[in-house]
Amino acid sequence: MAQENVNVVVRIRPSSNETNDETCIQTDPISSTITLTTNEKQFHMDKVFEQNAPQEEIFEYVQPIIAAVKNGIHGTIFAYGQTGSGKTHTMIGNDKNLGIIPRAIEIIFTDLNEESKKRNDNFKFKISCTALQIYCEKTYDLLNGNEKIEIPLRDIFKNAKEIEVKSSNECMEIIKRGLKQRKVAGTSMNETSSRSHAILTLTLKTEYFKENKKHERISRLNMVDLAGSEKHTDNNKTQNREAANINKSLSTLGQVIRAIINPTPKQVIPYRDSKLTTILRDSLGGNSKTTVIVNIHSNSKYAAETSSTLDFAANVKNVKNTAILQEFITSKETFTLKAEVQRLGEENDKL
Ligand code: ADP
Ligand code: MG
C-alpha cells in the first residue's frame, strides 16, 4: 500500500522475445531493492514489481490515490521509462489486461454511484475528463479534434475541452479517441513509440448538504503516460530536438518531485521550468498524492538505459536519506552531544 504522499516504484517488464540475452537485474522484494548486475549499483525503491506482477497488483498499489481523489484530494500517477518498457501497458493495458486508467475509472464510477444510493444528504457527483499532449514543450488538446492548435497554459483546465462523462464506458471511449491523436514518430526502438507526454485528467466534483449548507469538493486524478526517456538519438534534427525537450521536461519533473519529498525552508520548486510541471502544479505537492511508476526492461541489452532510468528514480527518492544523514552529522546538537560525551569521558578518566 502506498503510505507516503509521494512514492517511486519500479515495474520490470517481462523479457522481450526478440532477445534471449541474460537479465541484468536482481531483486530483493522484501527490502524492495533492485541491483543492476552490470555495474553492481543498488537502488532502494518504495516497491519493486517483478516481471510477472499482474496488472491487479499495480492497481492495488495505487488504490490509495484513487481513494484520496474520491475524498477531494488531487492525485497523480506517472508512467516513466524508455520506449517499449511498458508505460502504456501499465497505464492503459489491453482488453484482457486492463491497465490503471480503465480500472480507476471503473472503480470511481462504481463507488460513487453506490455512495449516492447509500447516503441521505443529497450527495451528487460529476465527472469530466480532459486529455492533453505536450510535444516539444507545446501543449495540445487531444479532445478538440485539431491537434495542431496549441492551447495557452494560463488556466489550462478552463481552456482545454472538458467533456462530462456519465459512465465509465463513455469515459474510456473519449480517452481512447484522444490517445489516438497522440504524436507518434518511429524510433529505432519501437515504430509506434511516443515522443510526447499524455496527461489524462479526471475532474471529480462532489456535493452534499449538511445542516442546510452545501459542501462542494473538486479534485483531480491525473494519469500521465510520459514520453520515452531514452537518451539516444538518431542524428536527425527533429528527433534531436524531441529528445532535448523530453530530457529537459523529465529532469524538471525529477527536480520538482525531489523538492516536494525533501522540503527545505524558502525553496522555490521549479514548476515553471517545464510545461508538464506547470500544468500539474496544483496536483503536485501539498497534501496531494503522487506515484511514479518507473518501467524497465530486465534484458542486459537495455542495461545502459535501465541504469539511467534507475538513476532517475534514485535521484528523485533517495536524496532524502543523504540529506538527513548530512544534517545529523553537522547539526549543532550533535556537536554539543559529542562535546558532552567527551567531557564525561574526561571526567571519568579523572576519577
Ligand atoms: P511503452 O509505452 O513504454 O513504449 P508499451 O507499454 O507499449 O511500452 O510496451 C511495449 C510492448 O510490451 C507492448 O506490446 C506491451 O503489450 C508489452 N508489455 C509491456 N509491459 C508488459 C507486461 N508487464 N506484461 C506483458 N506485456 C507487456
Ligand atoms: Mg507507450
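Residues numbered from 1 in each chain as written. Chains lettered and ligands numbered in written order. Predicted model: local features only at pLDDT ≥ 70, side-chain atom pairs only at ≥ 80, totals over all residues. Heavy atoms only, no water.

Before going further, it helps to examine the confidence of the model for the chain. Predicted coordinates in regions of low pLDDT should not be interpreted in detail. When pLDDT is averaged across the chain, the result is 85; 83% of the residues are at 70 or more. Within the chain, no element has a lower average pLDDT than helix α9 (residues 319-330), which sits at 36, and none a higher one than strand β6 (residues 75-81), at 97. Predicted confidence is poor over residues 185-193, with pLDDT under 50, and the contacts of this stretch with residues over four places away or in other chains come to 19 contacts. Contacts of residues 319-332 to residues separated by more than four positions or lying in other chains number ten contacts, the stretch itself having pLDDT below 50. (pLDDT = per-residue confidence, 0-100. Helix = DSSP H or I, 4+ residues; strand = E, 2+ residues; numbered from the N terminus. Contact = heavy atoms within 4.5 Å.)

Turning our eyes to something else, we now look at the UniProt feature "binding site: ATP" (unreviewed entry) in the chain. As annotated in UniProt, the feature "binding site: ATP" (unreviewed entry) corresponds to G81, Q82, T83, G84, S85, G86, K87 and T88 in the numbering used here. One can find T83 in the loop between β6 and α2 (87-91). A relative accessible area of 4% places T83 in the buried class. A polar atom in the side chain of T83 sits 2.5 Å from the side chain of E230. By the element assignment, T88 lies in helix α2. Given a relative accessible area of 43%, T88 falls into the partly exposed group. Once you skip the residues sitting within four places of it in the chain, T88 turns out to touch G93 and D225. (UniProt positions renumbered as here; feature names shortened; annotations may be inferred. Buried < 20%, exposed > 50% of the residue type's maximum accessible area, 1.4 Å probe, protein only. Polar contact = N/O pair within 3.5 Å; in protein donor to acceptor, adjacent residues only side chain to side chain.)

As a further point, take the environment of G285. Along the chain, G285 falls in the loop between α7 (275-280) and β12 (289-296). A relative accessible area of 13% means that G285 is categorised as buried. Once the C-alpha coordinates of G285 and I269 are considered, the two residues, 16 residues apart in sequence, prove to be 9.6 Å apart. If we skip the residues at most four places from it in the chain, G285 touches I260 and Y271.

Turning next to the sheet that holds strand β3 (residues 33-36). Spatially, the three strands line up as an open sheet ordered β2-β3-β4, and their pairing is antiparallel. Both edges of this open sheet fall to β2 (25-28) and β4 (41-44), since each of them pairs with a single strand only. Geometrically, the sheet is characterised by an average inter-axis angle of 20° between neighbouring strands, direction not taken into account. Pairing of β2 with β3, which is carried by four bridges, proceeds in the antiparallel orientation. Residue pairing in the sheet places D28 in a bridge with T33 of β3. (Pairing = 2+ DSSP bridges. Axes fitted to C-alpha atoms, helices over the stretch in contact; angles between N-to-C directions.)

Glancing now at the packing of aromatic side chains. A full pass over the atoms with the stated rule returns four aromatic pairs. For the pair F109 and F125, a centre-to-centre distance of 6.4 Å together with 70° between the ring planes defines the contact as edge-to-face. Pair noted here: F109 is in helix α3 (residues 100-118) and F125 is in strand β7 (residues 124-135), with a separation of 16 residues, a long-range link. Residue F109 is classed as buried on the basis of its relative accessible area of 5%. Here a set of aromatic residues connected by ring pairs shows up, and it is made of F109, F123 and F125. Between the NZ or CZ atom of R119 and the centre of the ring of Y208, over which it lies, the distance is 5.0 Å. (Phe/Tyr/Trp six-rings, centres within 6.5 Å; stacked < 30°, edge-to-face > 60°. Lys NZ or Arg CZ within 6 Å of the ring centre and 35° of its normal.)

Ranked by internal contacts, the top residues of the largest apolar core, which has 44 residues, are I34, M45 and F78. Among the elements that take part in this core, helix α6 (residues 237-261) stands out by supplying seven residues, more than any other. What I34 contacts, discounting residues up to four positions off in sequence, is V10, I12, I25, Q26, T27, K41, Q42, F43, M45, V48, I296 and L310. Formed by 40 residues, the second largest nonpolar core is a distinct cluster that contains I66, L142, I175 and L202. (Core = buried A, V, L, I, M, F, W, Y, C linked by side-chain atoms within 4.5 Å.)

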